[in-house]
Amino acid sequence: MIDGGEAIRKLALNVARYTGLAPLAKPFIGGIGAILMLHRVTATPEKPDSVNRHLNIAPGFLDAVIADMKASGYAFVSMDEAVERIKAGGKGGQFATITADDAYRDNMTEALPMLEKHCAPITIYVAPGLISGTADLWWDVVEDIVNVGTRLTLNTPGGPLTVDCSTPAKKLQANARLHAYLTSEVREEDLRAVLRDLANATGVDADGPRLRTLMNWDEIRGMAAHPLVTIGAHTINHSNLKRLSEADARHEIGAVRGLLQAELGEEPRHFAYPYGYASAVGCREVGFARDAGYTSAVTTRHGVLRAEHAGFLHALPRISVNGRYQSLAHIRTMLSGVTTPLANAGKMLVTI
Ligand SMILES: [Zn+2]
């Protein structure tokens, strides 16, 4: 789950598109390939007006993106092969690999048929705590809490704070306030307990979103056995690693390997940092992922791949294919590489 830097990216997209820069730039800055990032893929979202609707694309759009990229010469490869191609400096032509975070059930029911149609591999990053229920899909629970409640009381360092949720406009503000509260004011270790207190106070079932929208272990095992699917790790509890002590962060990154092996019979080779933005992953966390023995690790930083990423296999950027940009023109612009420096203060090589 992510929502970082979207405004600047949108600006960068439009600057690039309307100045006609993108097609001209592609041969020079298009890079060697791209890692696409998905979350939800469904034609029938249960809440079409959800504040989290940007996490969803329609399966028809995924179909169109893959077809368009194939037509312009991209080879769709597994994450293992993507790593080999990065190490080889992109020899073999432009490539793309698809990733999806959090293990949403629609990845199986609605995305997989599109991937099968195009023979396009996918890596799905699983946080076992989200599946087993020791961690919460808190951004969906927050939405439910705000929708049900008319006012909420938060315990902030400055004393109790009342949040008005009485109107649609107030609910939007309340949602943003709760995100800030849970991700920066409450300790990472306390997020779940605080969330569950708020859910209890409003009569919201905190397990509902997880059970409704994520795969269960049997479904993940079924996916793991599919020839197009690789299961990667996403920490144990979908933790913001930067907010944890070194011991706890290393545990979240390292011990998840054993948990996934116990469930799936195979240790994950690839890792995705939860949230993946600057306030969730930095140099320290990249070192931990490397130390844990992963072959690769991806962030949610925006960027195409370059040959130099061979030296940064644990800080790989991605191109988010999400509900905000459901147009082929946007995807082409992002793949042209022109938005990479625009969204990253001029940097062509995006790591962390
Ligand atoms: Zn995630």
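Residues numbered from 1 in each chain as written. Predicted model: local features only at pLDDT ≥ 70, side-chain atom pairs only at ≥ 80, totals over all residues. Heavy atoms only, no water.

(A) How the structure looks around the pairing of strand β7 (residues 151-156). Of the two faces of β7, the one lined by Leu152, Leu154 and Thr156 is fully buried and the one lined by Arg151, Thr153 and Asn155 carries no buried residue. Examined bridge by bridge, β7 and strand β8 (residues 159-164) share six bridges and lie antiparallel to one another. Paired with asparagine 155 across the bridge in β8 is proline 160. (Buried < 20%, exposed > 50% of the residue type's maximum accessible area, 1.4 Å probe, protein only. Helix = DSSP H or I, 4+ residues; strand = E, 2+ residues; numbered from the N terminus. Pairing = 2+ DSSP bridges.)

(B) Layout of the domain arrangement of the chain. The domains assigned to the chain are domain 1 (4-133 + 216-343) and domain 2 (138-208). Between the C-alpha centres of domain 1 and domain 2 there is a distance of 28 Å. Every contact between the two is made by 15 residues of domain 1 and, on the other side, 16 residues of domain 2. Between domain 1 and domain 2 the total buried area reaches about 1,200 Å² when both faces are included, carbon and sulfur atoms providing 41% of it. (Domains from an automatic or database assignment. Contact = heavy atoms within 4.5 Å. Buried area = accessible area lost by both parts, 1.4 Å probe.)

(C) Spatial organisation of the packing of helix α3 (residues 59-71) against helix α5 (residues 105-118). Across the interface, α3 lies against α5 with an axial gap of 9 Å and an inter-helix angle of 25°. With respect to each other, α3 and α5 are oriented roughly parallel. α5 is crossed by α3, and the crossing has right-handed handedness. Together, Pro59, Leu62, Asp63, Ile66, Ala67 and Lys70 of α3 and Glu110, Ala111, Met114, Leu115, Lys117 and His118 of α5 make up the contact between the two elements. Considering only residue class, the contact of α3 with α5 consists of seven nonpolar, one polar and four charged. (Axes fitted to C-alpha atoms, helices over the stretch in contact; angles between N-to-C directions. Parallel < 35°, antiparallel > 145°, perpendicular 65-115°, else oblique. Left-handed = near helix turned anticlockwise from the far one by under 90°. Nonpolar A, V, L, I, M, F, W, Y, C, P; charged D, E, K, R; others polar.)

(D) View of unusual backbone geometry. The phi torsion at threonine 235 lies on the positive side, around 70°, for a residue other than glycine. Here threonine 235 is to be found in the loop between β9 (229-233) and α12 (246-264). Overall, the relative accessible area of 0% leaves threonine 235 in the buried class. Its identity as a non-glycine residue notwithstanding, alanine 345 has a phi of 50°, on the positive side.

(E) Expanded view of α12. The terminal C-alpha atoms of α12 lie 27 Å apart, and with 19 residues this matches the ideal 27 Å at 1.5 Å per residue to within 8%. Among the residues of α12, Ala249, Glu252, Ile253, Val256, Arg257 and Leu260 are the ones counted as buried. Elements in contact with the buried residues of α12: β6 (122-126), α6 (128-132), α11 (217-224), β9, β10 (270-272) and α13 (283-291). Count one or two residues on from α12 and you reach glycine 265, which has phi positive near 85°. (Expected span 1.5 Å × (residues − 1).)

(F) Focus on the pairing of strand β12 (residues 316-320). Among the five residues in β12, five count as buried, and that is most of the element. Burial of β12 is two-sided: the residues Leu316, Arg318 and Ser320 facing one way and the residues Pro317 and Ile319 facing the other way are all buried. Across two bridges, the pairing between strand β11 (residues 296-302) and β12 is parallel. Considered in β12, the bridge of valine 298 is made with leucine 316.

(G) Summary view of the UniProt feature "domain: NodB homology" (unreviewed entry) in the chain. Residues given the UniProt feature "domain: NodB homology" (unreviewed entry) here are residues 93-280. Secondary structure across residues 93-280 divides into 49% helix and 17% strand, with the first and last C-alpha atoms of the span separated by 33 Å. (UniProt positions renumbered as here; feature names shortened; annotations may be inferred.)

(H) A look at α5. Across its 14 residues, α5 extends 20 Å between first and last C-alpha, which sits within 8% of the 20 Å expected from 1.5 Å per residue. Largest kink in α5: about 50°, centred on alanine 111, with the proline proline 113 one to four residues after it. Turning to α5, its buried residues are Asp106, Asn107, Glu110, Ala111, Leu112, Met114, Leu115 and His118. Elements that come into contact with the buried residues of α5 comprise β2 (40-41), α3, β5 (95-101), β6, α11 and β9. Residue cysteine 119 follows α5 closely and has a positive phi angle near 55°. (Bend = angle between axes of the 7 residues up to and from the residue.)

(I) Structural context of the environment of cysteine 165. For cysteine 165, the location among the structural elements is in the loop between β8 and α8 (168-185). Cysteine 165 gets classed as buried once you look at its relative accessible area, which sits at 0%. With near-sequence residues (within four places) excluded, cysteine 165 lies in contact with Val146, Gly149, Thr150, Arg151, Leu152, Lys170, Lys171 and Ala174.

(J) Focus on the nonpolar core. Leu36 and Ile124 are the most contacted members of the largest nonpolar core, which totals 88 residues. Residues contacting leucine 36, with those up to four places away along its chain left out, are Val65, Met69, Phe76, Thr97, Ile98, Thr99, Ile319, Val321 and Leu335. (Core = buried A, V, L, I, M, F, W, Y, C linked by side-chain atoms within 4.5 Å.)

(K) Broad picture of the pattern of salt bridges. One pass over the structure, following the stated rule, counts 27 salt bridges. Close ionic contact of glutamate 143 with lysine 47 constitutes a salt bridge, the shortest N to O distance being 3.9 Å. Here glutamate 143 is found in helix α7 (residues 138-148), whereas its partner lysine 47 is found in the loop between β2 and β3 (56-57), with 96 residues between them in sequence. Measuring nitrogen to oxygen at the nearest pair gives 2.9 Å for the salt bridge that ties glutamate 263 to arginine 221. Here arginine 221 lies in helix α11 and glutamate 263 lies in helix α12, a separation of 42 residues in the sequence. Among the charged side chains, a salt-bridge network with shared partners connects Asp136, Arg192, Arg196, Asp207 and Arg210. (Salt bridge = Lys/Arg side-chain N within 4 Å of Asp/Glu carboxyl O.)

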